[in-house]
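Architecture and fold: a report
One-letter residues, chain by chain:
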Amino acid sequence: MDKLWELIVAFILGIVEGLTEFAPVSSTGHMILVDDLWLKSGELISPEVANTFKVVIQLGSILAVVIIFKDRFLNILGLKKTIDGEKVTGHKLSLVQVIIGLIPAGVLGLLFDDYIDEHLFNFETVVYALIVGAILMIIADYTQKKKKPTTTSLDQITNKQAFFIGLFQCIALWPGFSRSGSTISGGVLMGLSHRVAADFTFIMAVPIMAGASFISLLNNWEYITSASLPFFIVGFISAFIFALISIRFFLKLIDRIKLTPFAIYRIIIAIIIIVVFL
C-alpha cells in the first residue's frame, strides 16, 4: 500500500508541475501548497530524493515544450526551413535573440545562486513574489490597453527586445515570481503581443531550465536508485502529459484573456499561503 501511495504522490506532483511550470502562476507556490501542506514527499521518501524528483519532473515539462515548438527549434538551429509548413524568409527569430535573452538571468543566477538558496526560499518571500508578480502582470495588461502591440510575430523580435525580456527574466530568480509571468509581462511591456511573448518565453525556458536541471541532476544522481526509479518515472510521465495539455491550452487562451485573471489567481494563492502557513 505504501508503494502505491508513493506512485500516487509522484503522479499528483507531476500534474502540479505540468500544469503550473509554464503558466504565469508560480509552480513554486503550488508545490508549497500541494507538497508541503498535503503530500509531504520529503517525509515519504527522504528530503534528498524528493528534491531530486522535483528536478527530474521539470525535464518532463521541458520535453513537452520541445515537442510543441519542434519546428521552431529546428528552424533556429538551421535544420529546417519551414515552420508549420510555411517557409520563413527575411528576418527570423534566431539563436542570437535566444542567447541574448538568456544572458542576464544566466549571469545573475551564477553570481547569486547561493544567496537565493539561503535567503529567498521561504514562505514569506514566495508570498511577496506572488503578489509583486501579480502587480507586474496587471501593469503589463493595462499598458497594452493604452498602446497596441507592435510585434505580432516571433520573427519580428529584435535584439533589444530580447535583451530587455531577458532582464525581466532575472526577476524570476526570486522564487514564486514565475519565469513565464515575468518574461511575458516584460515582453508585453516591450511591445510584443501576449501570444508572441508567451512563445518566446517558452523557447527561452528550454535551454535555461534544461541546463539547470541537468546540473542539479548530476549533483544528485546518487539518489536515483532502482528502488526510487518507479517514483521518478511516474512523475516524469505525468509532468510531460499535463505540460503538453496545459501549454497548448494556455497558448490558445493567452491572447483572449491576457494576464490579469492569472494575476488575481496568484493573489488568491498568496492569501491561502498566508492563512495556512503564516
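Residues numbered from 1 in each chain as written. Predicted model: local features only at pLDDT ≥ 70, side-chain atom pairs only at ≥ 80, totals over all residues. Heavy atoms only, no water.

**Topic: the overall build of the chain**
- Regarding its fold elements, the chain presents 12 helices and two strands.
- Ordering the α and β elements of the chain from the N terminus gives α-α-α-α-α-β-β-α-α-α-α-α-α-α.
- Computed over C-alpha atoms, the radius of gyration of the chain comes to 19 Å, within 12% of the 19 Å expected from 2.2 N^0.38 for 278 residues, which places it in the range of a compact globule.
- Dimensions of the chain, computed from C-alpha atoms along their principal axes, come out at roughly 60 × 40 × 35 Å.
- Out of the 278 residues in the chain, the part that is buried amounts to 50%.
- Residue pairs in contact within the chain that sit at least 24 positions apart in sequence constitute 81% of those at least 6 positions apart.
- With the model as given, the accessible surface of the chain reaches about 13600 Å², and the carbon-plus-sulfur share is 68%. (Helix = DSSP H or I, 4+ residues; strand = E, 2+ residues; numbered from the N terminus. Rg over C-alpha atoms; globule rule 2.2 N^0.38 Å. Buried < 20%, exposed > 50% of the residue type's maximum accessible area, 1.4 Å probe, protein only. Contact = heavy atoms within 4.5 Å. Areas by Shrake-Rupley, 256 points an atom, 1.4 Å probe, with all protein chains shown as cover.)

**Let's talk about the environment of F11**
- With respect to the helices and strands, F11 occurs in helix α1 (residues 2–20).
- Look past the residues within four positions of F11 in its chain and what remains in contact with it is V234, S238 and F242.

**Concerning the nonpolar core**
- Residues F200 and I247 are the most contacted members of the largest nonpolar core, which totals 62 residues.
- Here this core gets 12 residues from one element, more than from any other, and that element is helix α10 (residues 194–219).
- Among residues more than four places away in sequence, those in contact with I247 are F22, A64, V65, I68 and F202. (Core = buried A, V, L, I, M, F, W, Y, C linked by side-chain atoms within 4.5 Å.)

**Considerations on the packing of helix α9 (residues 179–189) against α10**
- Running from N to C, α9 and α10 point in directions that differ by 135 degrees, and their axes come no closer than 8 Å. Compared by their axis directions, α9 and α10 come out oblique. The chirality of how α9 crosses α10 is right-handed. Across from R179, S180, T183, I184, G187 and V188 in α9, the residues of α10 making contact are H194, A197, A198, T201, F202, M204, A205, I208 and M209.
- Of the residues belonging to the contact of α9 with α10, the class tally is nine nonpolar, five polar and one charged. (Axes fitted to C-alpha atoms, helices over the stretch in contact; angles between N-to-C directions. Parallel < 35°, antiparallel > 145°, perpendicular 65-115°, else oblique. Left-handed = near helix turned anticlockwise from the far one by under 90°. Nonpolar A, V, L, I, M, F, W, Y, C, P; charged D, E, K, R; others polar.)

**As for the UniProt feature "transmembrane region" (unreviewed entry) in the chain**
- Here the UniProt-annotated "transmembrane region" (unreviewed entry) positions come out as residues 7–33, 53–73, 93–113, 119–140, 161–177, 197–217, 229–251 and 257–277.
- Taken end to end, residues 53–73 is 95% helix and 0% strand, and its two terminal C-alpha atoms sit 27 Å from one another. (UniProt positions renumbered as here; feature names shortened; annotations may be inferred.)

**Here we look at unusual backbone geometry**
- Even without being a glycine, S178 presents a positive backbone phi close to 90 degrees.
- Inspection of the secondary structure assignment puts S178 in the loop between α8 (159–171) and α9.
- Phi is positive for K258, close to 65 degrees, though the residue is something other than glycine.
- For K258, the location among the structural elements is in the loop between α11 (229–257) and α12 (260–277).
- We classify K258 as partly exposed; its relative accessible area is 28%.

**Things to note about the pattern of salt bridges**
- A full pass over the atoms with the stated rule returns five salt bridges.
- In this structure, K54 engages D35 in a salt bridge whose closest nitrogen and oxygen atoms are separated by 2.8 Å. Separated by 19 residues along the polypeptide, K54 in helix α4 (residues 47–68) and D35 in helix α2 (residues 27–39) bring together distant segments of the chain.
- The class of D35 is buried, set by a relative accessible area of 2%.
- The closest approach of N and O atoms between D71 and K80, which form a salt bridge, is 2.8 Å.
- The class for D71 is buried, based on a relative accessible area of 15%.
- Given a relative accessible area of 29%, K80 falls into the partly exposed group. (Salt bridge = Lys/Arg side-chain N within 4 Å of Asp/Glu carboxyl O.)

**Topic: the packing of α11 against α12**
- The geometry of α11 relative to α12 is characterised by a closest axis approach of 9 Å and an angle of 100 degrees between their N-to-C directions. As far as their axial angle goes, α12 and α11 are roughly perpendicular. Contacts between α11 and α12 involve F250, I254 and I257 on the former and, on the latter, T260, P261 and F262.
- By residue class, the composition of the contact of α11 with α12 is five nonpolar, one polar and no charged.

**Comments concerning the packing of aromatic side chains**
- Applying the stated criterion across every chain, the model contains 10 aromatic pairs.
- Each ring, one from F11 and one from F242, has its centre 6.1 Å from the other, and the planes form 75 degrees; the classification is edge-to-face. Placement of F11 in helix α1 and of F242 in helix α11 is noted, with a sequence separation of 231 residues between them.
- Given a relative accessible area of 39%, F11 falls into the partly exposed group. (Phe/Tyr/Trp six-rings, centres within 6.5 Å; stacked < 30°, edge-to-face > 60°.)

**Some words on α2**
- With 13 residues, α2 extends just 15 Å between its outermost C-alpha atoms, more than 12% less than the 18 Å of an ideal straight helix rising 1.5 Å per residue.
- All buried positions along α2 are accounted for by S27, G29, H30, M31, I32, L33, V34, D35 and L39.
- For α2, the secondary structure elements touched by its buried residues are α1, α3 (41–45), α4, α7 (123–146) and α12.
- At the exit of α2 stands K40, carrying a positive phi of roughly 50 degrees. (Expected span 1.5 Å × (residues − 1).)

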